[in-house]
Amino acid sequence: MTEPLRVTVWNEFRHEKEHESVRSVYPEGIHKTIAGAMEKAGFRVRTATLDEPMHGLTPDVLEGTDVLIWWGHMAHHEVSDDIVAAVHARVLDGMGLVVLHSGHFSKIFKRLMGTSCDLKWREAGERERIWAIDPSHPIAAGLGQYIELPHEEMYGEHFDIPAPDELVFVSWFQGGEVFRSGCVFHRGRGKIFYFRPGHETFPTYHREDIQRVIANGVRYVAPSDTAKPVYGNVKPIEVLPESH
Ligand code: ZN
């Protein structure tokens with residue numbers, strides 16, 4: 001049997017401390033809810049939060065992480081540039097990254113995308129239907145045609161990201177907007193899965209279907225154990241003719 005994937009769930013963990021409307025939904029923090037779901041999915045799970053030393057992302061933790069899950073919102077600017085650089089290097093070297101909801105504006109996601117990652121938004125608690133638009137994709141495994149969330153924040157196009165390497169979900173919102181809500185990107189040897197839902201005042205991460213998508217995403221972006229690319233000046237593999 002292969003070793004279980006090592007998953008680190010990173011959460012800013014500020015809304016839950018400062019806002020009763022969020023604490024009542026996630027009393028122990030969004031990271032604990034997601035971590036519990038990932039344990040049930042069979043992964044070996046740890047959590048890390050912004051206010052821990054090095055945001056809980058020491059070199060040992062990052063080295064021992066196959067897939068990092070990221071939720072942040074109100075304190076993106078407090079994340080140290082050194083930690084962002086370390087996470088970025090790990091992703092390029094093959095660590096998987098799952099970026100959730102407002103993580104679209106995190107330093108690490110913007111750095112990996114190279115664009116503003118801006119979007120439209122509205123907090124009206126409206127209905128969202130997340131359509132699986134690639135029925136062959138492993139991240140959509142075990143779902144129906146769509147997931148319907150009765151109340152979510154709206155994110156609308158245009159979403160300023162590079163064209164995703166794989167587009168798995170598109171959301172429709174009651175107010176009329178649409179959004180690319182499940183996107184996979186390849187960077188170096190690493191893969192990134194961005195998944196849209198999860199506004200902090202709604203119980204979205206308590207839902208089994210949403211937890212299933214996150215677990216599917218973890219498996220999909222897990223390291224592929226591919227060869228490290230070789231760059232720079234190289235000797236020929238075959239004997240070249242003496243003159244040409
Ligand atoms: Zn939100």
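Residues numbered from 1 in each chain as written. Predicted model: local features only at pLDDT ≥ 70, side-chain atom pairs only at ≥ 80, totals over all residues. Heavy atoms only, no water.

Engineer: It is not clear to me how the nonpolar core should be interpreted in this structure. Could you clarify?
Structural biologist: One broad trend across soluble globular proteins is that nonpolar side chains are buried collectively. With 34 residues, the main nonpolar core has Met38, Ile69, Leu100, Phe169, Phe193 and Tyr205 as its most contacted residues. At the level of elements, strand E1 (6-11), helix H3 (30-40), strand E3 (67-71), strand E4 (96-100), strand E6 (146-156), strand E7 (166-173), strand E9 (190-195) and helix H7 (208-221) are the ones that each hand at least two residues to this core. With six residues, the top contributor of residues to this core is H7. Among all residues touching Leu100, those that are not within four sequence positions of it are Ile34, Ile69, Trp70, Trp71, Tyr194, Phe195, Tyr205 and Ile214. Leu68, Val84, Val91 and Leu112 belong to the second-largest nonpolar core, a separate cluster that totals 33 residues. (Core = buried A, V, L, I, M, F, W, Y, C linked by side-chain atoms within 4.5 Å. Buried < 20%, exposed > 50% of the residue type's maximum accessible area, 1.4 Å probe, protein only. Helix = DSSP H or I, 4+ residues; strand = E, 2+ residues; numbered from the N terminus. Contact = heavy atoms within 4.5 Å.)

Engineer: Please clarify how the coordination of the zinc ion should be interpreted in this entry.
Structural biologist: Six octahedral donors around a metal ideally make angles of 90 or 180 degrees; four tetrahedral donors ideally make 109.5 degrees. Distances from the zinc ion to its protein donors, His101 (NE2), Glu153 (OE) and His199 (ND1), fall within 2.0 to 2.1 Å. By relative accessible area, His101 is classed as buried at 0%. (Donors = N, O, S within 2.8 Å, 3.2 Å for Na, K, Ca; no water.)

Engineer: Would you mind going over unusual backbone geometry with me for this structure?
Structural biologist: Where the residue is not glycine, phi is negative for most of them; where a peptide bond is considered, it is trans in most cases. Here the bond from Glu157 into His158 is cis, since omega is 15 degrees, no more than 30 degrees from zero. Inspection of the secondary structure puts His158 in the loop between E6 and E7. Even without a glycine there, the phi angle at His101 is positive, about 45 degrees. Here His101 lies in the loop between E4 and helix H6 (107-113). Despite not being glycine, Asp225 shows a phi value in the positive range, around 60 degrees. Following the sequence through the fold, Asp225 ends up in the segment after H7. Residue classification places Asp225 among the exposed positions, given a relative accessible area of 74%.

Engineer: How should the pattern of salt bridges be read in this particular structure?
Structural biologist: Close approach of charged atoms allows side chains with opposite charge to pair. A full pass over the atoms with the stated rule returns 18 salt bridges. Two residues, Arg189 and Asp93, come together in a salt bridge whose shortest N-O distance is 3.0 Å. Here Asp93 lies in the loop between helix H5 (81-92) and E4 and Arg189 lies in the loop between strand E8 (178-187) and E9, a separation of 96 residues in the sequence. A relative accessible area of 31% means that Asp93 is categorised as partly exposed. Between Glu152 and Arg196 there is a salt bridge, and its shortest N-O distance comes to 3.3 Å. Taken together, the positions of Glu152 in strand E6 and Arg196 in the loop between E9 and H7 put the pair 44 residues apart, joining distant regions of the chain. Here Glu152 and Arg196 have matching classes, each one buried. (Salt bridge = Lys/Arg side-chain N within 4 Å of Asp/Glu carboxyl O.)

Engineer: Is there a simple way to explain the environment of Ile147 in this structure?
Structural biologist: With respect to the element layout, Ile147 can be found in strand E6. Separated by 62 residues in the primary sequence, Ile147 and Asp209 have C-alpha atoms spaced 7.3 Å apart. Residues within four places of Ile147 in sequence aside, it is in contact with Glu128, Arg129, Ile130, Arg207, Asp209, Ile210 and Val213.

Engineer: Is there a simple way to explain the environment of Glu18 in this structure?
Structural biologist: For Glu18, the location among the structural elements is in helix H1 (residues 15-18). Exposure remark for Glu18: the relative accessible area of 48% places this residue in the partly exposed category. Taking C-alpha positions, Glu18 is 29 Å from Lys40, a pair spaced 22 residues apart along the chain. Sequence-distant contacts of Glu18, defined by excluding residues within four places in its chain, comprise Arg23 and Met74.

Engineer: Looking at this structure, how should I read the packing of aromatic side chains?
Structural biologist: The geometry of an aromatic ring pair is captured by the separation of the ring centres together with the interplanar angle, meaning the angle of the planes. On inspection of all chains with the given rule, the structure shows 10 aromatic pairs. With a centroid separation of 6.2 Å and an interplanar angle of 70 degrees, the aromatic rings of Phe109 and Phe185 are classed as edge-to-face. With Phe109 in helix H6 and Phe185 in strand E8, the pair connects residues that are 76 residues apart, well separated along the chain. The exposure class of Phe109 is buried, given its relative accessible area of 0%. Measuring from centroid to centroid gives 5.4 Å for Phe159 and Tyr194, while their planes differ by 55 degrees, and the two rings are tilted. In this pair, Phe159 is assigned in the loop between E6 and E7 and Tyr194 in strand E9, connecting sequence segments 35 residues apart. Taken individually, Phe159 and Tyr194 each receive the classification buried, so the pair is uniform in this respect. Grouping aromatic residues by their ring pairs yields a cluster made of Phe109, Tyr155, Phe159, Phe179, Phe185 and Tyr194. The ring centre of Tyr155 lies 4.9 Å from the NZ or CZ of Arg196, which sits over that ring. (Phe/Tyr/Trp six-rings, centres within 6.5 Å; stacked < 30°, edge-to-face > 60°. Lys NZ or Arg CZ within 6 Å of the ring centre and 35° of its normal.)

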